[in-house]
Amino acid sequence: MASAAIEAALRQDRLMFAFQPVVCATTGTVEYFECLLRIRDDHGSVIPAGEFIAVIEELGLIGRIDRYVLESTLEELATHPDVTLGFNISGLTACDRPWLRLLISLLRHQPELARRLVVEITETAALCDIEESSRFVDTLRGLGCRVALDDFGAGHTSLRHLQILPVDIVKIDGSIVRNLTKRAQSRVFLRHLLGLAKGFGLTTIAECVETAEEAALLGAEGVGYLQGYHFGRPSPERAWLRTVPIDGFEVPSAP
């Protein structure tokens, strides 16, 4: 998207969420829904974040976006008391104390929302200032939130991140998942990552699961949870308000 179109969308409050389920690898039960940012353009089309986030960062608006994501997610949690939601934050926000103060302020009168919130930090984001990121994660967990390290395995410092960042969850990068059925090396690498995660007592989620074959292979390798088109495309529909059958699994409301 062009910068002028993005600025117009922000002025006209055309930001929105698409929700995608994260499901248990053995039962298909939804663990939580990830809130994925979208923009509705002036023709009514929904534009995914990958097409505008880089421009927003160039415009210096990422702080505004991450505040919107935080406030909107907590509003969803307050409105729907039976759902757990997650969202991703930018690298700058992973070290942003004003954002953290905003979260603390918003949770002050509704602390129960923290137990139903998963904050995802990209592995590359943690590189900005890993010591500050560690304090950031400690504070989130102290509030009752769960914290996930996103894109795990895509960078070169996964072990260092696990040693320093006290996260609860690692999300295995989609680039690894996409090659599982094609390259034996990818399976070896997956087992290495799973061994690290198990050693640290972490929950594992595999991203970008698009086929039944990938889902079965990941489950057999011991991945705990799965996310991807095979279980549901991102949708503005709040799927937790109904029961959805997914490829033989019945996916009920999130706990």
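Residues numbered from 1 in each chain as written. Predicted model: local features only at pLDDT ≥ 70, side-chain atom pairs only at ≥ 80, totals over all residues. Heavy atoms only, no water.

Caption draft 1: Layout of the nonpolar core. Ranked by internal contacts, the top residues of the largest apolar core, which has 72 residues, are F87, L103, L140, L218 and L226. Sort the elements by how many residues they give to this core and helix α3 (residues 62-79) lands first, with six residues. Ignoring anything within four residues of it in the chain, the contact list for F87 reads C35, V69, L70, T73, W99, L117, V118, V119 and E120. V22, A148, I169 and I205 belong to the second-largest nonpolar core, a separate cluster that totals six residues. (Core = buried A, V, L, I, M, F, W, Y, C linked by side-chain atoms within 4.5 Å. Buried < 20%, exposed > 50% of the residue type's maximum accessible area, 1.4 Å probe, protein only. Helix = DSSP H or I, 4+ residues; strand = E, 2+ residues; numbered from the N terminus. Contact = heavy atoms within 4.5 Å.)

Caption draft 2: Summary view of the packing of aromatic side chains. All chains considered together, the criterion is met by six aromatic pairs. Taken together, a centroid distance of 6.0 Å and an interplanar angle of 70° make the contact between F17 and F19 edge-to-face. Note on accessibility: F17 and F19 belong to one class, buried. Pairing F19 with W240 gives two aromatic rings, centres 5.0 Å apart and planes at 85°, and the pair type is edge-to-face. Note that F19 is positioned in strand β1 (residues 15-24) and W240 in the loop between β9 (225-227) and β10 (244-246), a separation of 221 residues in sequence. Given a relative accessible area of 5%, W240 falls into the buried group. Counting every residue linked through ring pairs, the aromatic cluster contains F17, F19, F33, Y68 and W240. Directly above the aromatic system of Y229 lies the positively charged group of R233, at a separation of 3.9 Å from the ring centroid. (Phe/Tyr/Trp six-rings, centres within 6.5 Å; stacked < 30°, edge-to-face > 60°. Lys NZ or Arg CZ within 6 Å of the ring centre and 35° of its normal.)

Caption draft 3: Representation of the confidence of the model for the protein. Of the residues in the protein, 91% have a pLDDT of 70 or more, and the chain-wide mean is 88. Every residue in residues 244-255 scores below 50 in pLDDT, and together they form 36 contacts with partners more than four places removed in sequence or on other chains. (pLDDT = per-residue confidence, 0-100.)

Caption draft 4: Local environment of helix α1 (residues 3-11). The set of residues buried in α1 consists of I6, A8, A9 and L10. Looking at the packing, one finds that the buried side of α1 touches β1, β2 (30-40), α2 (53-58) and α3. Backbone geometry just after α1 places D13 at a positive phi near 55°.

Caption draft 5: Structural view of the side chain of R116. The residue R116 is located in the loop between α4 (97-107) and β5 (117-122) in this model. An unpaired buried charge is present at R116: no salt bridge exists, and E112, the closest side chain of opposite charge, is 5.9 Å distant. Side-chain polar atoms of R116 contact the backbone oxygen of L77, separated by 2.9 Å. Once residues within four sequence positions are removed from consideration, R116 is found in contact with L77, H80, P81, D82, V83, T84 and L85. (Lys, Arg positive; Asp, Glu negative; His and termini not counted. Salt bridge = Lys/Arg side-chain N within 4 Å of Asp/Glu carboxyl O. Polar contact = N/O pair within 3.5 Å; in protein donor to acceptor, adjacent residues only side chain to side chain.)

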